[in-house]
Amino acid sequence: MNIEKTDNVCNEQVFGSIFTANSKTIFNYIYYKFGNEEKAYDAVQEAFVKLWENCSKVPPEKAKSFVYKVANNLYLNVIKAEKIRLKYADKSAKTTNETPEFIMEETQFKEKLDRALESLPENQRTTFLLNRIDGKKYAEIAEMEGVSVKAIEKRMHLALKTLRDKIDGI
């Protein structure tokens, strides 16, 4: 791709397309690490502000990895000060025709799953959620994390093994 000098990150259309193409995925990536929507949103916003502030120094083809790196570094700075816990909340009020026994079993299973996910090391949990919830391929996760595809395969294997051991019937 031949990029003209006017096609740099300082061009609002280029910056906007980078934001549109990557902000949701970066948000999910950081959210899985933070376990907190507000902090993930803040990290993504701050990362894109830093991209804008450095727009003349960052070529468009490097912008995605720049934003990932900045957002991840913001995350690392926060975890130095805080204990991270992944929280899951079903915010939607719903009615059901299920039996009370089914609802109780479902609730117990969800609690068991939450505890099992929380017990995973952060890198395995992030890999598992990016793959299974966001549908990201191992190569995409490897790029986000800055590791090899083999490392992602190993993380996923270990995460699945741990989840199977902790949750009967998975």
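Since the model is a prediction, treat every value here as computed from it, not as a measurement. (Residues numbered from 1 in each chain as written. Predicted model: local features only at pLDDT ≥ 70, side-chain atom pairs only at ≥ 80, totals over all residues. Heavy atoms only, no water.)

A.B. asks: Mind showing me how you'd approach the overall build of the protein chain here?
C.D. replies: Tallying secondary structure elements over the protein chain gives 7 helices and 0 strands in all. Along the protein chain, helices and strands appear, N-terminal first, in the series α-α-α-α-α-α-α. Out of the 170 residues belonging to the protein chain, those deemed buried represent 34%. Relative to all contacts within the protein chain whose residues are 6 or more apart in sequence, the contacts with residues 24 or more apart total 67%. Element-wise, carbon and sulfur atoms account for 52% of the exposed surface of the protein chain, whose accessible area totals about 11,100 Å². (Helix = DSSP H or I, 4+ residues; strand = E, 2+ residues; numbered from the N terminus. Buried < 20%, exposed > 50% of the residue type's maximum accessible area, 1.4 Å probe, protein only. Contact = heavy atoms within 4.5 Å. Areas by Shrake-Rupley, 256 points an atom, 1.4 Å probe, with all protein chains shown as cover.)

A.B. asks: Teacher, can you tell me more about the side chain of Asn 72 here?
C.D. replies: Inspection of the secondary structure assignment puts Asn 72 in helix α3 (residues 60–79). Overall, Asn 72 belongs to the buried group, its relative accessible area being 17%. Look past the residues within four positions of Asn 72 in its chain and what remains in contact with it is Tyr 29, Ile 30 and Lys 33.

A.B. asks: Help me understand helix α4 (residues 100–119), please; the structure alone is not making it clear to me.
C.D. replies: Compared with the 28 Å implied by 1.5 Å per residue over 20 residues, the 28 Å span of α4 between its first and last C-alpha is a close match. Those residues of α4 lying buried are Asp 114, Ala 116 and Leu 117. An end-on view of α4 places all buried positions within 165° of arc, on one side of the element. Residues of α4 that are exposed and point more than 90 degrees away from the buried face comprise Pro 100, Glu 101, Glu 105 and Arg 115. Lining the buried residues of α4 we find α5 (122–132) and α7 (149–166). (Expected span 1.5 Å × (residues − 1). Arc of directions from axis to C-beta.)

A.B. asks: Help me out: how do you make sense of a negative patch on the surface in this one?
C.D. replies: Side chains of Glu 38, Asp 42, Glu 46 and Glu 53 sit close together on the surface and give a patch of like negative charge. Tracing the backbone through its elements, the reader meets Glu 46 in helix α2 (residues 37–53). Classification of Glu 46 by relative accessible area gives partly exposed; the value is 36%. (Patch = residues over 30% accessible without salt bridge, like charges linked within 9 Å, V, L, I, M, F, W, Y side chains within 5 Å. Salt bridge = Lys/Arg side-chain N within 4 Å of Asp/Glu carboxyl O. Lys, Arg positive; Asp, Glu negative; His and termini not counted. Charge placed at Lys NZ, Arg CZ, Asp CG, Glu CD.)

A.B. asks: In this structure, what is going on with helix α1 (residues 12–34)? I would like to understand it.
C.D. replies: Two residues of an α-helix separated by three or four positions point the same way, owing to the 3.6 residues in each turn. The largest bend in α1 amounts to roughly 45° and is located at Asn 22. Within two residues after α1, Gly 35 carries a phi angle of roughly 70°, on the positive side. (Bend = angle between axes of the 7 residues up to and from the residue.)

A.B. asks: I would appreciate a short explanation of the packing of α1 against α2 in the present structure.
C.D. replies: Each packed pair of helices is defined by two parameters, the angle between the axes and the distance between the axes. Where α1 contacts α2, the axes come no closer than 9 Å and their chain directions differ by 145°. Taken as a pair, α1 and α2 cross one another with a handedness that is right-handed. Within the contact between the two elements, α1 uses Glu 12, Phe 15, Ile 18, Phe 19, Asn 22, Ser 23, Ile 26, Phe 27, Ile 30, Tyr 31 and Phe 34 and α2 uses Glu 37, Lys 39, Ala 40, Tyr 41, Ala 43, Val 44, Gln 45, Phe 48, Leu 51 and Trp 52. Of the residues contributing to the contact of α1 with α2, the split by class is 15 nonpolar, 3 polar and 3 charged. (Axes fitted to C-alpha atoms, helices over the stretch in contact; angles between N-to-C directions. Left-handed = near helix turned anticlockwise from the far one by under 90°. Nonpolar A, V, L, I, M, F, W, Y, C, P; charged D, E, K, R; others polar.)

A.B. asks: Any chance you could explain the pattern of salt bridges here in plain terms?
C.D. replies: When charged atoms on two side chains of opposite charge get close, those side chains can pair. A full pass over the atoms with the stated rule returns 3 salt bridges. Glu 145 is paired through a salt bridge with Arg 155; the nearest N and O atoms lie 2.7 Å apart. Of this pair, Glu 145 sits in helix α6 (residues 138–145) while Arg 155 sits in helix α7, and the two are 10 residues apart along the sequence. A residue is classified by how much of its surface remains accessible, and Glu 145, at 17% relative accessible area, is buried. Classification of Arg 155 by relative accessible area gives buried; the value is 14%. Here Lys 150 makes a salt bridge to Glu 153, at a shortest N to O gap of 3.5 Å. Of this pair, Lys 150 and Glu 153 are both found in helix α7, 3 residues apart, which corresponds to roughly one turn of the helix. Residue class for Glu 153 comes out partly exposed when judged on its relative accessible area of 32%.

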